[in-house]
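Listed below, chain by chain, are the residues.
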Amino acid sequence: MAGAVALTATLALATPAAAHAEVEADNPQALAENVTLTFVCEAESASAGFKEVRVVLPAGIAPTDVTLGEAPKGWKLTATEDGYTVGGPAIKTGVDAEHTIKVRQLPDAKELAFKTIDTYSDGEISRWIELPTGGKEPEQPAPVLELKAAAPGAKSVAPSPTATQSTVPTTAAASPSASASPTATESDATPAASDTAADEDEGMSSGVLAGVIVAVLLVLGGGAWWLVKRRAASSES
């Protein structure tokens, strides 16, 4: 009995460490198209449920080649630079997080590793990202999918456009209008500058005219004064 108790205790203590993430495919074959992958992340927290799973896609599968299939209620898929995240409202404590994705085409490889990071509602994180090295099994292995050889005549399909590529035309289309803006601004500013110059010319012309008028008045006034003085002198003589 003592031995049975000890074995039970050992297994109980080993249970959390045995929790891991797994991946399966409905058609695990290189270059297979429209393949459904199923991911299962085993619950290892006794106080919180899963709220998000992040998957790093292996080389040959782009984030734009992936669409979400089944997932916990309210969970949505969001593409990242190297893969995707799927998450939403936290699921119940102790319940495994399972979701499926459809991949446009599997790459031509013997096996694919999907590094997976689980996040619980209390902030706890489990990282299943380690790969075997030197024949030694890692403590937190990444899910690995082994593939059969490609079918005869199977070829790689054209890659899906990435988010960066899809935004290039928009950016290029925006460039001419952006370069046209300074021209419009300069043309708008030109009339204002000419108006200012016209105002200055008008002010200068008005000033010159006023000066001429004043000079004429002075001349006329001086001439009138000289005539009056001359007449006065003639009367006295």
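Above this text sits the structure in question.
Below or above, wherever it landed, is the structure these notes cover. Along each chain, the written sequence defines residue order, and numbers are assigned to residues from 1. Whole-chain, interface and lining totals are the exception, using all residues; otherwise, since this is a predicted model, local features are given only for residues with pLDDT of at least 70 and side-chain atom pairs are given and counted only at 80 or more. Excluding hydrogens and water, the side-chain values take into account all heavy atoms of the structure.

For helices the rule is a DSSP run of H or I covering at least 4 residues; for strands it is a run of E covering at least 2, with both sets numbered from the N terminus onward. Each helix and strand counted, the protein chain has 2 helices and 11 strands in total. Walking the protein chain from its N terminus toward its C terminus, one meets helices and strands in the order α-β-β-β-β-β-β-β-β-β-β-β-α. Taking all 237 residues of the protein chain together, 22% fall into the buried category. Considering only residue pairs separated by 6 or more positions, the protein chain has 69% of its internal contacts joining residues 24 or more positions apart. Computed with the Shrake-Rupley method and a 1.4 Å probe, the accessible areas treat only the protein chains shown as cover for residues. Put simply, the protein chain shows about 15,400 Å² of open surface, and 60% of that area lies on carbon and sulfur atoms. Each residue is placed in one exposure class: buried if its accessible area under a 1.4 Å probe, protein chains only, is under 20% of its type's maximum, exposed if it is over 50%, and partly exposed if it falls in between. Contacts are assigned to residue pairs with any non-hydrogen atoms lying within 4.5 Å of each other.

What follows is about the packing of aromatic side chains. Classification of ring pairs rests on two measures: the distance between centres of Phe, Tyr or Trp rings, Trp counted by its six-membered ring, which must be within 6.5 Å, and the angle between planes, read as stacked under 30 degrees, edge-to-face over 60 and tilted in between. Applying the stated rule across the entire model yields 2 aromatic pairs. Here Phe39 and Phe114 contribute two aromatic rings whose centre-to-centre distance is 5.4 Å and whose plane-to-plane angle is 80°, an arrangement assigned as edge-to-face. Here Phe39 is found in strand S2 (residues 33-41), whereas its partner Phe114 is found in the loop between strand S8 (111-113) and strand S9 (115-120), with 75 residues between them in sequence. The two residues Phe39 and Phe114 agree in class, both being buried. The interplanar angle of 25° and the centroid separation of 4.5 Å between the aromatic rings of Phe50 and Tyr120 together place this pair among those described as stacked. Taken together, the residues Phe50 in strand S3 (residues 50-56) and Tyr120 in strand S9 connect sequence positions 70 residues apart. We classify Phe50 as buried; its relative accessible area is 0%. The buried category is assigned to Tyr120, whose relative accessible area is 0%.

So, on to the sheet that holds S3. Ordered by their spatial adjacency, 5 strands build an open sheet running S5-S6-S3-S9-S10, and the pairing between neighbours is antiparallel. Looking at strand neighbours, the two that pair on one side only are strand S5 (76-79) and strand S10 (125-128), the edges of this open sheet. Averaged over all neighbouring strand pairs, the angle between strand axes comes to 15°, with direction disregarded. DSSP calls a pair of strands paired once it identifies at least 2 bridges connecting them. Structural elements are reduced to axes, namely lines fitted to C-alpha atoms, with helices fitted over the stretch in contact, and the angle between N-to-C directions of any two is expressed from 0 to 180 degrees.

Take Val40: it is sitting in strand S2. For the pair Val40 and Glu22, spaced 18 residues apart in sequence, the C-alpha to C-alpha distance is 5.3 Å. In this structure, Val40 is in contact with His20, Ala21, Glu22, Asp96, Ala97 and Glu98, ignoring residues within four places of it in sequence.

As a further point, take the environment of Glu44. Mapped onto the secondary structure, Glu44 falls in the loop between S2 and S3. It is 9.7 Å that separates the C-alpha atoms of Glu44 and Tyr120, two residues lying 76 residues apart in sequence.

It is worth spelling out the nonpolar core at this point. Core analysis: the largest hydrophobic core is formed by 28 residues, its most contacted members being Leu37, Phe39, Ile61, Tyr84 and Phe114. The element best represented in this core is S2, accounting for 4 residues. To qualify as a nonpolar core, a set must consist of buried Ala, Val, Leu, Ile, Met, Phe, Trp, Tyr and Cys residues joined through side-chain atoms within 4.5 Å.

Below, the discussion takes up the sheet that holds S2. Reading across from one edge, S1-S2-S7-S4 is the order of the 4 strands in this open sheet, with antiparallel pairing throughout. Two strands in the sheet have a free side with no partner beyond their single neighbour: strand S1 (21-25) and strand S4 (66-68). If you compare each strand with its neighbour and ignore which way they point, the axes differ by 25° on average. Summarising the sheet, S2 and strand S7 (residues 97-105) pair through 8 bridges and their orientation is antiparallel.

To continue, consider the pattern of salt bridges. What counts as a salt bridge is simple: a side-chain nitrogen of Lys or Arg found within 4 Å of a carboxyl oxygen of Asp or Glu. In this structure the tally under the stated criterion is 1 salt bridge. A salt bridge links Asp82 to Arg54; the shortest N-O distance between them is 3.1 Å. One end of the pair, Asp82, is in the loop between S5 and strand S6 (83-87); the other, Arg54, is in strand S3, and 28 residues separate them in sequence. Of the residues examined, Asp82 reaches a relative accessible area of 31% and is grouped as partly exposed.

Of all 5 residues making up S6, 5 are buried, and the element is well covered by its neighbours. Burial along S6 is two-sided: the residues Gly83, Thr85 and Gly87 and Tyr84 and Val86 are all buried. As paired elements, S3 and S6 share 5 bridges and run antiparallel to each other. If you follow Val55 over to S6, its bridge partner there is Tyr84. One ladder, built from 4 bridges, connects S5 with S6; its direction is antiparallel.

What follows concerns the pairing of S2. Each regular strand displays side chains that alternate between the two surfaces of the sheet. Direction of pairing for S1 relative to S2: antiparallel, over a ladder of 5 bridges. Across the sheet, Glu22 pairs through a bridge with Val40, a residue of S2.

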